[in-house]
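Residue-level listing of the chains:
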Amino acid sequence: MSTWFVSRHPGALQWMRAHGPAFARHITHLEEADFQRLASGDIVIGSLPVHLAARVCAQGAQYWNLSLNMPASARGQELSADELRSMGAALERFDVRAVAGTIFPT
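Residues numbered from 1 in each chain as written. Predicted model: local features only at pLDDT ≥ 70, side-chain atom pairs only at ≥ 80, totals over all residues. Heavy atoms only, no water.

A. Just the nonpolar core, in detail. Core analysis: the biggest nonpolar cluster contains 16 residues, and L30, L38, V44, L48 and V56 have the highest contact counts within it. Only β1 (3-6) and α3 (50-58) provide two or more residues apiece to this core. Top contributing element to this core by residue count: α3, with five residues. Non-local contacts of L30, meaning those with residues more than four positions away in its chain, are made with W4, V6, F35, L48, L52 and V56. Within the second largest apolar cluster, 14 residues are counted, among which are A12, L79, A81 and A89. (Core = buried A, V, L, I, M, F, W, Y, C linked by side-chain atoms within 4.5 Å. Buried < 20%, exposed > 50% of the residue type's maximum accessible area, 1.4 Å probe, protein only. Helix = DSSP H or I, 4+ residues; strand = E, 2+ residues; numbered from the N terminus. Contact = heavy atoms within 4.5 Å.)

Below is the structure:
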């Protein structure tokens, strides 16, 4: 079992080092090649798009979201670890699944 942290944000990385569990791998984006290395039982931590979180879970890994209550005024800005903490940053486990064959009709 391996723990992955996925984030391109320096403040999130600092927050994880101070408040999160230890992780073996830090990557800035979850790429196709990473899914080849992701094993059942692994833990993936980050703020992934829902389709990638579903794929993580479909492979038997756990997805833990770095959740926070971000005001609209802070969106699009790099946040420090202290700002993340003040916004209530926490790790929450989600079990995400795609519903096969359900593409919204256009």
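Anyway, onward from the coordinates.
B. Highlighting the side chain of D42. On the secondary structure map, D42 appears in the loop between α2 (32-37) and β3 (43-46). Engagement of the side chain of D42 in a polar contact is seen with the side chain of W4, the distance being 3.2 Å. Here D42 is in contact with M1, S2, W4, R37, A61 and Q62, once residues within four sequence places are set aside. (Polar contact = N/O pair within 3.5 Å; in protein donor to acceptor, adjacent residues only side chain to side chain.)

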